[in-house]
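Coordinate inspection notes
Next come the chains, spelled out residue by residue.
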Amino acid sequence: MTTARYDGLAEWYDEHNATAADSNREPLLDLLGPGDGLCLDLGCGTGQNLRTLRSTGRTVVGLEYSADQLSLAQQRAIDGEALVQGDAAELPFADAVFSTVAVLWISTDVDDFAAVLREAARVLHPGGVLVFYGAHPCFNGPHTEARPDDGRIVHPTYRTVGWHPPAPWWGEGGIRERLGMRHVPLADLLNAFAGADLTITRTVEPRTDPIPWILGLRAEKR
């Protein structure tokens, strides 16, 4: 297994992302709703969403590629929760074993988001729920520049799919600068759901920012 980009940065990321994770709990709970059965936290990172997912009534299984992130997630896991190191595009699970898959904040990290969604749908049982919650592809990505007035500048690199090199508008000391960023345009994101045989049943742009940073989608496997 090649070295994960978050290895060596897990503790910094956990602290840097703590406030954002707290602010996302309520809108994520609203999108998930109550449930039961096994829930795959796909790309669970340092486990900052484990408590949110388990509070819905589901039994959480976390998967993460970074060993460093996984070691921090272990500290947040409770008895009965399994954490597995693995690749989101080649899941080490049988078909149709999960009632829910949570795909949280990974679209800007994975090499092939459509392949990840196909794998997520494979391990989801028919009628199961997949929740996507992450960077809004139109207003939050390597192509966007934040303005002091809460506006956003969208640069012409919006249509550049995949890995983006650092840009002058990224700022200093943030996740983009330290880890880089991939981009999935909105059309490609939505087509990935269709290609995975997932039907989107709800779309949200949570929180109260004048221009949304986050896109949330709830889908069901046909």
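Remember, predicted model here, so these are calculated numbers, not experimental data.

Thoughts on the overall build of the protein chain
Helix and strand content of the protein chain: 7 helices and 11 strands. On C-alpha atoms alone, the protein chain measures out to a radius of gyration of 17 Å, which is about the 17 Å that the 2.2 N^0.38 rule sets for 222 residues. Each of the three principal axes of the protein chain carries a C-alpha extent, and together these read 45 × 35 × 35 Å. Scored against the burial criterion, the 222 residues of the protein chain give a buried share of 51%. Entry remark: accessible area of the protein chain is about 10,400 Å², with carbon and sulfur atoms responsible for 51%. Taken as two groups, the 19 positive and 30 negative side-chain charges of the protein chain have centres that lie 4 Å from each other.

Describing the sheet that holds strand β3 (residues 82-85)
Taken together, 7 strands build an open sheet; the order of strands is β3-β2-β1-β4-β5-β11-β10 and the sheet is mixed. If you trace the sheet from one side to the other, it starts and ends with β3 and β10 (198-204), each paired once. Taken pair by pair, the neighbouring strands of this sheet meet at an average axis angle of 20°, ignoring direction. In this structure, strand β2 (residues 59-64) lies alongside β3, joined through 4 bridges in parallel fashion. What sits directly across from Leu63, in β3, is Val84.

Observations concerning the side chain of His155
Here His155 lies in the loop between β7 (152-154) and β8 (162-164). Since its relative accessible area comes to 17%, His155 is described here as buried. Polar side-chain contacts of His155 include one of 2.9 Å to the side chain of Glu145. If sequence neighbours within four positions are ignored, His155 has contacts with His143, Glu145 and Trp169.

Notes on helix α7 (residues 186-195)
Since the α-helix packs 3.6 residues into each turn, any two residues three or four apart lie on the same face. Within the span of α7, buried status applies to Leu189, Ala192 and Phe193. Looking down the long axis of α7, one finds its buried residues gathered within 100° of arc, a one-sided arrangement. Among the exposed residues of α7, those oriented more than 90 degrees off its buried face are Asn191 and Gly195. Here the buried face of α7 lies against α5 (113-122), β5 (124-135), β10 and β11 (214-221). Following α7 by one or two positions, Asp197 has its phi on the positive side, about 60°.

Some details on the environment of His125
If you trace the backbone, His125 turns up in strand β5. On a C-alpha basis, the gap between His125 and Phe98 in space is 5.9 Å, while along the polypeptide they are 27 residues apart. Dropping the residues within four chain positions of it, His125 is found in contact with Ala96, Phe98, Ser99 and Lys221.

What about the packing of α5 against α7?
Orientation of α5 relative to α7, taken along the N-to-C sense of each, is 30°, at an axis distance of 9 Å. Put simply, α5 runs roughly parallel to α7. For α5 against α7, the interelement crossing comes out right-handed. Between α5 and α7, the contacting residues are Phe113, Ala114, Leu117 and Arg118 on the first element and Leu189, Ala192, Phe193 and Gly195 on the second. When its residues are assigned to classes, the contact of α5 with α7 shows 6 nonpolar, 1 polar and 1 charged.

Description of the UniProt feature "domain: Methyltransferase type" (unreviewed entry) in the protein chain
Per the UniProt annotation, the sites labelled "domain: Methyltransferase type" (unreviewed entry) are residues 40-132. Structurally, residues 40-132 is divided into 27% helix and 31% strand, and its ends, taken at the C-alpha atoms, are 12 Å apart.

A closer look at the nonpolar core
Here is a general trend for soluble globular proteins: nonpolar side chains tend to be buried in one another's company. Within the largest apolar cluster, 30 residues are counted, with the highest numbers of intra-cluster contacts made by Leu40, Leu42, Val101, Phe113, Leu130, Phe193 and Leu198. Elements represented by at least two residues in this core include exactly β1 (38-42), β2, β4 (98-104), α5, β5, α7 and β11. If you tally residues by element for this core, the top one is α5, at 5 residues. With 14 residues, the next largest nonpolar core counts Cys39, Leu53, Val60 and Tyr133 among its residues.

About the criteria used
- Residues numbered from 1 in each chain as written.
- Predicted model: local features only at pLDDT ≥ 70, side-chain atom pairs only at ≥ 80, totals over all residues.
- Heavy atoms only, no water.
- Helix = DSSP H or I, 4+ residues; strand = E, 2+ residues; numbered from the N terminus.
- Rg over C-alpha atoms; globule rule 2.2 N^0.38 Å.
- Buried < 20%, exposed > 50% of the residue type's maximum accessible area, 1.4 Å probe, protein only.
- Areas by Shrake-Rupley, 256 points an atom, 1.4 Å probe, with all protein chains shown as cover.
- Lys, Arg positive; Asp, Glu negative; His and termini not counted.
- Charge placed at Lys NZ, Arg CZ, Asp CG, Glu CD.
- Pairing = 2+ DSSP bridges.
- Axes fitted to C-alpha atoms, helices over the stretch in contact; angles between N-to-C directions.
- Polar contact = N/O pair within 3.5 Å; in protein donor to acceptor, adjacent residues only side chain to side chain.
- Contact = heavy atoms within 4.5 Å.
- Arc of directions from axis to C-beta.
- Parallel < 35°, antiparallel > 145°, perpendicular 65-115°, else oblique.
- Left-handed = near helix turned anticlockwise from the far one by under 90°.
- Nonpolar A, V, L, I, M, F, W, Y, C, P; charged D, E, K, R; others polar.
- UniProt positions renumbered as here; feature names shortened; annotations may be inferred.
- Core = buried A, V, L, I, M, F, W, Y, C linked by side-chain atoms within 4.5 Å.

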